[in-house]
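Below are the chains, spelled out letter by letter.
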Amino acid sequence: MNLRHLVRRRNICGAILLICGYYVITNIHEASQDVAQNREKIHMIEESIRSLANQGPCKLPQLELNPPELMGFYKDEDPIICNPEDSDWVECSKTMCYIKQPVIHKEGSITCDFYDILRVDDFKYRFSDATRSQTSYQLKNSDFVKAKCWSSNGNKWEGKLFGIREGVAPSRKLWSVEPRFNVLMFGFDSLSRLAFMRKLPKTYEFLTEELGGLVLEGYNIVGDGTPQALIPILTGFTELELPETRRRKKNSEYVNVYPFIWKEYQEYGYVTSFNEDVPSVGTFSYRLNGFLEQPTDHYERLYYLAINDELRSHKRLCVGSKPRHRVMLDYTKQFMQKYSETPRFVFSFHGELSHDSINLVGLADDDSRQFLRELRDSGVLDDTILIFMADHGNRFADIRNTLQGKQEERLPFFSFVFPDKFKELYKDEFSNFKANVKRLVTPFDIHATLQDILRLETKKPIQKPFESRAISLFKKIPHDRSCADAYIEPHWCACLNWRQIDTSEEDVLRASNAIIERMNNFTHSFRSLCAILELAEVKWASKLEPHTNLIKYKKNADADGFLGDFSSDTKVANEMYQVKIVTRQGGGIFEGSVVHNLQKNAFEVKISDISRINKYNDQAQCIMDLNPELRKFCYCK
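Residues numbered from 1 in each chain as written. Predicted model: local features only at pLDDT ≥ 70, side-chain atom pairs only at ≥ 80, totals over all residues. Heavy atoms only, no water.

**Q** Can you help me understand the sheet that holds strand β6 (residues 136–138) in this one?
**A** Backbone-to-backbone hydrogen bonds pair the strands of a sheet. The strands run either parallel or antiparallel. Reading across the sheet, the 3 strands line up as β1-β2-β6 and stay open at both edges, with antiparallel pairing between neighbours. The open sheet has two edge strands, β1 (90–93) and β6, and neither has a second partner. Across the sheet, the axes of successive neighbouring strands diverge by a mean angle of 20°, strand direction being ignored. As defined by bridge partners, strand β2 (residues 96–99) adjoins β6 across 3 bridges and the pair is classed as antiparallel. Following the sheet pairing, M96 is matched in β6 by Q138. (Pairing = 2+ DSSP bridges. Helix = DSSP H or I, 4+ residues; strand = E, 2+ residues; numbered from the N terminus. Axes fitted to C-alpha atoms, helices over the stretch in contact; angles between N-to-C directions.)

So, in structure tokens, the structure goes:
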């Protein structure tokens, strides 16, 4: 090699090193900027959480099940009608796939080539070489298989199938404490507690009345969208507190780095499954990098990737002759039944029916109720803690323009069903859980509860992140817990605050007179005995209001849902006042809650919302025996 070539090579190598060094330095600089930005966002969020407006004890809103302002958004959808002629020639049950006997009787001899569907990563898959059979095929390398079949009479059929493959149950150390309780989580996207009751009434009735499920009435989200709802449940952290995994960020990591709760369950001998449909908007793969290695022992995303391109050829919401939502229900059920001798943890999250629609999920009501019935009748629920839930309420813009719509977005459906064995073994914990049904609860608390299940079983201490903000539901949550205590930003806090107001305001006087009028109407039938009450004085008054930023919140202001856009002009349908009054007759002191219906400009009060707070002694003597219910409100003439 001559000198000129040597110099040129050294110059090229030097340039390459300079370029590589530039990119390394640039990437390090960008990564450090991202960390700094995340820290700044965390600081802003924590300042917001600690704000004075966020400090008061939580007063949960009492929302109507069928308010007029929301019911216009609800309607019945056309049923799902799949084509029976698309019926599969092959059926899989757990580890075995069989060519159906009725099809053989109809078509004659059938031969099938089976191709395992193999995962490459969260975005790609491939097929194995074909295995030919005229009877059956055992799933060993994948839960999912493509079958191409032809019959002796010349007909053909092709389809993708699912089961639970053999050889996956891990040889993990099983702790000796008995019994071990399975955990089955099944979630729907975008369903508030009340929307669940409206659209899935049969499922709700079965959960609560047949299975004795406990529904958390104060379950409050802590951020915008599915990732900010599920990440705290599954890890105990917010996304900002975890390593960088966003797709658009250079050198970001795969979400395998997250401390998922199923990893803890695997350490204690559980076989695990995570299932999610609609791969194009997956919780961990839409904005985030997805999983490099498969996250759990069984993982249904692969099936949905494989069928995604052919869905247009099927009838509406069908895959072959089956409604698509039944795929996840059946896969979850097969997983639970396959590992009858091994403790199981499964989280299945269905989004297709409810992610973009407030009404389609109603089409799954019969099937989801049947799913629960089959789990019960097969004995699966005898040793399984069932969690039926949603990530958040509906996020459609038109519903977000109503105050109740915003409140419902923050109050998703979340329920637990405990087996009798658990209630007997852990009586104190179950008693505490029941006491928490009407308390303020967050995703962080759910994570702590999932960890506590392991602690109860193994008698070993479990390291918990941020114990100050996460309270296991097996411990009593303070009745005066605030959104600040629970690490909820004001604009995500559905709790209401009482603001003291001037007693001379016109609306206060109207609210006070509404109480007087209601009490007089209540004693009207006994007017010969009970005097008409008159207002003497208003002692104090307060107005119950949602957080200002909840009303103003319009949407997330950044691509990740960390910051808010507060430019909304949300319509408020009702206002609530609480007043303390004194009557001219007898000096009776009453407190009452009054609703101001803004549309009607009317002040409405229920007799049950009025309390007498001083003694009436013998003022009601004349009514004592005739109608004791009137004693609080009757001043005898």
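Moving on from the model shown.
**Q** Teacher, can you tell me more about the nonpolar core here?
**A** In a soluble, globular protein the nonpolar side chains are often hidden away together inside. Counting residues in hydrophobic clusters, the biggest one holds 54 residues, and the most contacted among them are L207, L386 and F388. Take this core: its biggest share by element is 6 residues, from helix α9 (residues 325–338). Those residues within four positions of L207 in sequence are excluded, and the remaining contacts are F196, G212, G213, L372, L386, F388, F413, S415 and V417. Membership of the second largest hydrophobic core comes to 49 residues, among which are Y265, F430, I453 and I471. (Core = buried A, V, L, I, M, F, W, Y, C linked by side-chain atoms within 4.5 Å. Buried < 20%, exposed > 50% of the residue type's maximum accessible area, 1.4 Å probe, protein only. Contact = heavy atoms within 4.5 Å.)

**Q** Any chance you could explain the state of the cysteines here in plain terms?
**A** By definition, a disulfide links the sulfur atoms of two cysteine residues through a covalent bond. Tallied over the entire structure, the rule returns 7 disulfides. Across the disulfide from C112 sits C149; the S-S distance is 2.0 Å. What sets the handedness of the C112 and C149 disulfide is the S-S torsion sign, and at about 110° it is right-handed. Of the two residues, C112 sits in strand β3 (residues 110–119) while C149 sits in strand β7 (residues 144–151), which places them 37 residues apart along the sequence. For C149, a relative accessible area of 2% corresponds to the buried category. Each sulfur in the disulfide pair C530 and C634 lies 2.0 Å from the other. On the S-S bond that ties C530 to C634, the torsion sits near -100°, and the link is left-handed. Separated by 104 residues along the polypeptide, C530 in the loop between α16 (506–522) and β19 (535–546) and C634 in the segment after β25 (610–612) bring together distant segments of the chain. (Disulfide = S-S within 2.5 Å.)

**Q** What am I meant to see in the environment of E352 here?
**A** Tracing the backbone through its elements, the reader meets E352 in the loop between β15 (344–350) and α10 (365–377). Take E352: its relative accessible area is 25%, and that puts it in the partly exposed class. For the pair E352 and D277, spaced 75 residues apart in the sequence, the C-alpha separation amounts to 6.9 Å. Aside from chain neighbours lying at most four places away, what touches E352 is D277, V278, L317 and R324. Engagement of the side chain of E352 in a polar contact is seen with the side chain of R324, the distance being 2.5 Å. (Polar contact = N/O pair within 3.5 Å; in protein donor to acceptor, adjacent residues only side chain to side chain.)

**Q** I keep staring at the side chain of R193 and nothing clicks. Help me out?
**A** Its location among the elements puts R193 in helix α4 (residues 193–199). There is no salt bridge for the buried R193, and the closest opposite charge comes from E217, which lies 4.8 Å off by N-O distance. Every residue in contact with R193, bar those within four places of it in the chain, is listed here: V215, L216, E217, L411, P412 and F413. (Lys, Arg positive; Asp, Glu negative; His and termini not counted. Salt bridge = Lys/Arg side-chain N within 4 Å of Asp/Glu carboxyl O.)

**Q** Would you explain the pairing of β2 in this entry?
**A** In the case of a regular strand, side chains alternate between the two sheet surfaces. Alignment of β1 against β2, held across 4 bridges, turns out to be antiparallel. Bridge assignment links E91 to a residue of β2, and that residue is Y98. Connecting β1 to the next strand, β2, in antiparallel fashion are 2 residues, including K94 with a positive phi near 55°.

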